[in-house]
Amino acid sequence: MPPLLKLTDVSKAFGGVRALRAVSFDLLPGEVHALVGENGAGKSTLIKIVTGAHRPDGGTLEIGGRLVTDHDPLAARGWGVAVVYQQPALFPDLTVAENIAIALEPPGPWRRVRWNARRARARELLACVGARIDPDADARTLTMPEQQLVEIAKAVGTDAKVVVMDEPTASLSDREVETLFRVVRDLTARGVGVVYVSHRLDELPRIADRVTALRDGELVGTRAVAETTRADLIRMMVGRELGAVFPKVEATPGRVVLEARNLACRAAGVSAVSLSVRAGEILGLAGLVGAGRTELAGVLFGLTPADAGEILLDGKPVRIGSPAAAVALGIAYVPEDRRRYGVILDLPVAANVTLAVLRRVSDRGFLNFRRERGLAEDFARTLGVKVPSVEEPAGTLSGGNQQKVALARWLATDPRVIILDEPTQGVDIGAKAEIHRLIGDLAAKGLAVVLISSELPEVLAMSDRIAVMHGGTVTGVLARSEATQERVLELALAKGVPA
Amino acid sequence: MLIVLAVATPGFFGSGNLRVLLVGFAPTLVAAVGMTFVIVARQIDISVGAQFAACAVVVALLVRVGWPLPLAALAAILTGAALGAINGLFVAHLRLPSIVVTLATFFVLKEGLRWWRQGELIRDLPAFQWFGLSQTAGVWVVVGIAGAVFAAAAGAARNLAAGRAVYATGSDEEAARLAGLRPNAVTFGVFAVAGALAGLAAVLEAVQLPFVDPKAGTGMEMRVIAAAVVGGAAVSGGRGTLVGTLLGVLLLGTIGSAIVFLRLEAQWEEAIQGGIILLAVASDVTARRNR
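Just so you know, these numbers come straight off a predicted model, no measurement behind them. (Residues numbered from 1 in each chain as written. Chains lettered and ligands numbered in written order. Predicted model: local features only at pLDDT ≥ 70, side-chain atom pairs only at ≥ 80, totals over all residues. Heavy atoms only, no water.)

With that settled, the discussion passes to the overall build of chain A. Helix and strand content of chain A: 17 helices and 22 strands. The C-alpha radius of gyration of chain A comes to 25 Å, within 12% of the 23 Å expected for a compact globule of 499 residues. On the principal axes, the C-alpha backbone points of chain A span a range of 70 × 50 × 45 Å. Of all 499 residues assigned to chain A, the portion counted as buried reaches 53%. The contacts of chain A with a sequence gap of at least 6 include a subset with a gap of at least 24, amounting to 67%. Here chain A has roughly 21,500 Å² of accessible surface; of this, 52% comes from carbon and sulfur atoms. Charged side chains of chain A number 61 positive and 60 negative; the gap between the two group centres comes to 2 Å. (Helix = DSSP H or I, 4+ residues; strand = E, 2+ residues; numbered from the N terminus. Rg over C-alpha atoms; globule rule 2.2 N^0.38 Å. Buried < 20%, exposed > 50% of the residue type's maximum accessible area, 1.4 Å probe, protein only. Contact = heavy atoms within 4.5 Å. Areas by Shrake-Rupley, 256 points an atom, 1.4 Å probe, with all protein chains shown as cover. Lys, Arg positive; Asp, Glu negative; His and termini not counted. Charge placed at Lys NZ, Arg CZ, Asp CG, Glu CD.)

Time to look at unusual backbone geometry. In this model, Ala272(A) sits at a positive phi of 45 degrees, which is unusual for a non-glycine residue. Looking at the secondary structure, you find Ala272(A) in strand β12 (residues 270-278). A positive phi angle is found at Arg42(B), which is not glycine, with a value near 65 degrees. Residue position: Arg42(B) is located in the loop between α2 (15-40) and α3 (48-64).

This part takes up the sheet that holds strand β11 (residues 256-265) of chain A. The strands making up a sheet are joined through hydrogen bonds of the backbone, oriented either antiparallel or parallel. All names here are of chain A. Taking strand neighbours across the sheet as the criterion, the 4 strands line up as β12-β11-β14-β15 in an open arrangement whose pairing is antiparallel. Two strands close off the open sheet at either side, each with one partner strand: β12 and β15 (316-318). Sheet twist, expressed as the mean angle between neighbouring strand axes with direction ignored, is 25 degrees. As paired strands, strand β14 (residues 308-313) and β15 are joined by 3 bridges and run antiparallel to one another. Along β15, the bridge assignment pairs Leu312 with Pro317. (Pairing = 2+ DSSP bridges. Axes fitted to C-alpha atoms, helices over the stretch in contact; angles between N-to-C directions.)

All names here are of chain B. Within the secondary structure, Ala228 is located in helix α10 (residues 220-230). Placed 11 residues apart in sequence, Ala228 and Gly217 show a C-alpha to C-alpha distance of 17 Å. Ignoring sequence-local partners within four residues, the contact set of Ala228 consists of Thr36, Ile39, Ala233 and Thr245.

All names here are of chain A. Here we have 6 strands laid out as an open sheet, ordered β16-β19-β20-β13-β21-β22, and mixed in their pairing. This sheet does not close on itself; its edge strands, each paired only once, are β16 (331-334) and β22 (473-479). On average, adjacent strands in this sheet sit at an angle of 20 degrees to one another, irrespective of strand direction. Here 4 bridges tie strand β13 (residues 282-286) to strand β21 (residues 465-470), and the two strands are oriented parallel to one another. Residue pairing in the sheet places Ala286 in a bridge with Val468 of β21. Helix α17 (residues 485-493) rests against β13, β21 and β22 of the sheet, and its axis sits at about 30 degrees to β21.

Structure (structure tokens):
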């Protein structure tokens, strides 16, 4: 049988970053081929090449035995490729039937809509995936799993030969997972091939035939699932290269500064989190994408205030209802996505640095520009921000320098706890090493540092202790001496593993 | 433009006309200052014209029942602030879009005023026109107050921590919240300030005539939004200066008089203003893109 999908030596780079290096992958009719790997291993890039969202820089893509050039998402539909994304991409204000119709009916602005046929088709497809959903309901009224089922119904309706599922079970309950598996088996029984991306290693033996592991954009290997143990898989996934040198200073942590006891927030999807961080300690927060690390930071910083459990600062219970309250208590948060939240691009560097301490640089409400400039220049010097003048808009700086400005803003508040969310994301190697040095310095000065990072080697190298999250809760805390990539990943992938 | 006018129409900048121009600008400038803060905070206020009319009626009625003018003026300013605060409450705390909220309050105020006053002029105002001073002195008081408000606002935008907070909120509300600022308070504040300034503008306009027309302020909102936008305030928030707004008021305001002087027909005024708005915004965006 010829493969439905065959990628040969596919490479892809973004800027200077190699996302995929000579990866080969194939999919047979009637097969479920699982794709596993850590954050940033290249799974998404591979999927996007199959769906036509990215073009490979090198290598070939064959679908149904024919070489594909000039691939794009619309052409992918013609080739019989359908994707079910982790985050369903339905139009919230259109009905379920309309959402399905957009994917299935031929395009053309003057085509008459046959409402009854449209509805009937939707009903039929939804029945096919075992979903009890009203085709006339607005998509926004559906739950996450229901939306996912609609996406799958769309894929079924296109008569796709290749269905790509990106973490389809991430938001599903056990019963819904069963329904999904039944749908997948129906598909494969009809000769459809399914590319199945999942972090839930436990479910692979029940659904997948083969599994391919990626690491750092490279192919580690393809195995038959029946002959592969969970430990094998984890061994295949870990072992990423260290991106830069991590000059970790050994420090002796002081007393506990921040402690969370059974912290929960429904809105943020965080539950039963208990952890503590000491003065002078770097607590790494590891976990896969969607494990709830940023959400936990949001709870600690008052963005989404906790609705159960306790936060203790210096042993005293505190209530953190807003970021302003967190700042007042000496908690700082340098957010992920610095271009969006970390710095305000329109404002000068100096104004960005002092934004959280306006009171300190003003006299009775009047800004003291000399003091502001002085403060900004001090920080620019100690953090090594490369900028001709602190009056330049922050938007003109490079990524690494913007990150330093974001860091400066929070250091200016003289915090006792600083939460750093992906501080080295998207910065070049040199700036990365510098930021690592700064983080080490902060801890050495007695700050309690919480470091969120998706780069496992970074977390391992920088942290004194590592709290691993999965599904909105902490599944385990490892001391530096006992933390290995395998153990962290084991906890990050865990389902109900005791801490 | 101003230079062209000076050359083409001797007499345009004669002291008489200049004074008329300046005193005409004053109320628009004061209201436009408030609008600039609203726009920089990434909001919009359609209701300023209606607030203006309501405040003009308030000051006139209070003077007629015997209140001293300064006290009545203060009452008008507070009325404006209260009306602005209502907008602010809806926008900042119920998180409704400001264009909808202020459109609604615009209609409610306008129609409420019409039902109440039936469009009747308010006359017989003792010691009202020009604050009871001579016309020359009165003109300078009006211009002086507007100038002082402008200078204070420009200083506040630059020198006050609160001004910085307005720019940060307008640039990115979420980023401002993450920085520990209180964007809700900023949003509420700009609406209240815009309302108070609309009240002051109404007083400055009302004292120029011996009576008050409850229909005054019609189209005011468009004029002040236009002035701020022509002056470089970005509707996407975070950018805009008061000096820019001053220039916008001067530029758009001069056109009306210029048309009279150039003997063009009056209906061209708004068409030309519209053209200038498009030109100003388009050139601003292009310049920004090329940088």
